[in-house]
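A structural walkthrough
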Number of protein chains: 2
Amino acid sequence: MIATGAGGVTRAQRAVLAALVDAPSFASAQEIHARLRASGETVGLTSVYRALQSLTEVGDVDVLRTDAGEATYRRCDSDRHHHHLVCRHCGAAVEVEAPELERWVADVASRHGYRVDDHTLEISGACGRCATS
Amino acid sequence: MIATGAGGVTRAQRAVLAALVDAPSFASAQEIHARLRASGETVGLTSVYRALQSLTEVGDVDVLRTDAGEATYRRCDSDRHHHHLVCRHCGAAVEVEAPELERWVADVASRHGYRVDDHTLEISGACGRCATS
DNA sequence: ATCGTTGCAAATGTTTTGCATGTCA
DNA sequence: TGACATGCAAAACATTTGCAACGAT
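Please read these numbers as outputs of a predicted model, since none were measured by experiment. (Residues numbered from 1 in each chain as written. Chains lettered and ligands numbered in written order. Predicted model: local features only at pLDDT ≥ 70, side-chain atom pairs only at ≥ 80, totals over all residues. Heavy atoms only, no water.)

**Section: the interface of chain A and chain B**
Chain A puts 38 residues into the contact, and the matching count from chain B is 38 residues. The junction of chain A with chain B conceals about 3,000 Å² of combined surface from both sides, 60% of it contributed by carbon and sulfur atoms. Considering only the side of chain A, the residues that lose the most area to chain B are A:Arg65, A:Trp104 and A:Tyr114, jointly responsible for 22% of the buried surface there. Where A:Asp117 meets B:Arg88, a salt bridge forms, and the shortest distance between an N and an O atom there is 4.0 Å. The interface formed by chain A and chain B holds 16 residue pairs in polar contact (both at pLDDT 80 or more) in total. Mapped by element, the contributors of at least two residues to the side of chain A that touches chain B are strand 4 (83–87), strand 5 (93–96), helix 4 (99–111), strand 6 (115–126) and helix 5 (128–132) of chain A. For the side of chain A that touches chain B, the leading source of residues is strand 6 of chain A, giving twelve residues. Among the residues making up the side of chain A that touches chain B, the classes are represented as 21 nonpolar, nine polar and eight charged. (Contact = heavy atoms within 4.5 Å. Buried area = accessible area lost by both parts, 1.4 Å probe. Salt bridge = Lys/Arg side-chain N within 4 Å of Asp/Glu carboxyl O. Polar contact = N/O pair within 3.5 Å; in protein donor to acceptor, adjacent residues only side chain to side chain. Helix = DSSP H or I, 4+ residues; strand = E, 2+ residues; numbered from the N terminus. Nonpolar A, V, L, I, M, F, W, Y, C, P; charged D, E, K, R; others polar.)

**Details of the nonpolar core**
Counting residues in each nonpolar core, the largest one holds 30 residues, and the members touching the most others are A:Leu101, A:Trp104, B:Leu85, B:Leu101 and B:Trp104. Secondary structure elements with two or more residues in this core: strand 4, strand 5, helix 4 and strand 6 of chain A together with strand 4 (83–87), strand 5 (93–96), helix 4 (99–111) and strand 6 (115–126) of chain B. With sequence-adjacent residues up to four places away left out, A:Trp104 is seen in contact with B:Val96, B:Ala98, B:Glu100, B:Leu101 and B:Leu121. (Core = buried A, V, L, I, M, F, W, Y, C linked by side-chain atoms within 4.5 Å. Buried < 20%, exposed > 50% of the residue type's maximum accessible area, 1.4 Å probe, protein only.)

**Points about the pattern of salt bridges**
One pass over the structure, following the stated rule, counts twelve salt bridges over all chains. Through salt bridges with shared partners, a single network forms among A:Arg88, B:Arg115, B:Asp117 and B:Asp118.

**Some remarks on the side chain of B:Ser124**
Positionally, B:Ser124 belongs in strand 6. Beyond its immediate chain neighbours, meaning those up to four positions away, B:Ser124 contacts A:Val116, A:Asp117, A:Asp118, B:Val86 and B:Arg88.

**A few points about the confidence of the model for chain A**
Put simply, chain A has an average pLDDT of 89, and 94% of its residues get 70 or more. Every residue in residues 1–5 of chain A scores below 50 in pLDDT, and together they form five contacts with partners more than four places removed in sequence or on other chains. (pLDDT = per-residue confidence, 0-100.)

Now the structure itself:
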């Protein structure tokens, strides 16, 4: 496997990235595949999975597991470490950077004698538009 | 289905709870099943899944999805809302309650016009014992 | 007898892999 | 020609469900 540039180098990778740009928030591999098919692209499900795997490794997309166990993918604006605030209704997502949180995490960990290797925070709820309607 | 007491009322539920007490941290359904089998208990995999489902609904055990997509379960000491600090090596886990975090989450959400329905935070790293050895 | 529990087998759904084919340098 | 990329079909998973047998009240 050759190192892929940030833009995605294979046909499948380009197609998947394009689909992710349209996606309101996190989309599953199956959804991406269906969307591509619907838009006339002829990409196999296998290639979608492989493209997502590559893109994830390179860091171009973020992965999130749903409660149902489905992996969902999202193209993130920021390439820095951040967390998500996702609307359950319309799928709108806000990327939030949180230095205080990072600090707090490190603090709590060290207070328990732990070294932090990784952490995840996901907040789900309703965005302003959906909460009121 | 009848309401099950906190102790677990079916044979499968009792067995699963017992297995979870021994578990150093989160264990998958398959692991629990294997452990029960190894210890001589004759419990079907199906019953393990069903027991875990019931126990989860009642709130006796917590669920956590691994990156691999496997659901893992843990018997939690606290029945209040809390987060986990898990050691990747030995599996030791600390349950941490974090009022500041909850406040911060609510704050960030409202700043973006969101209403918070749910949130998850997982911290993984190395405990003191494993970090130094 | 009745009703919940059990567990096998089969179904489901996602993701991965084997393999033959296509494509581009 | 050679190294990938592709996609179908099949496999590998975790998990759920249908269903008949079982156990306790």
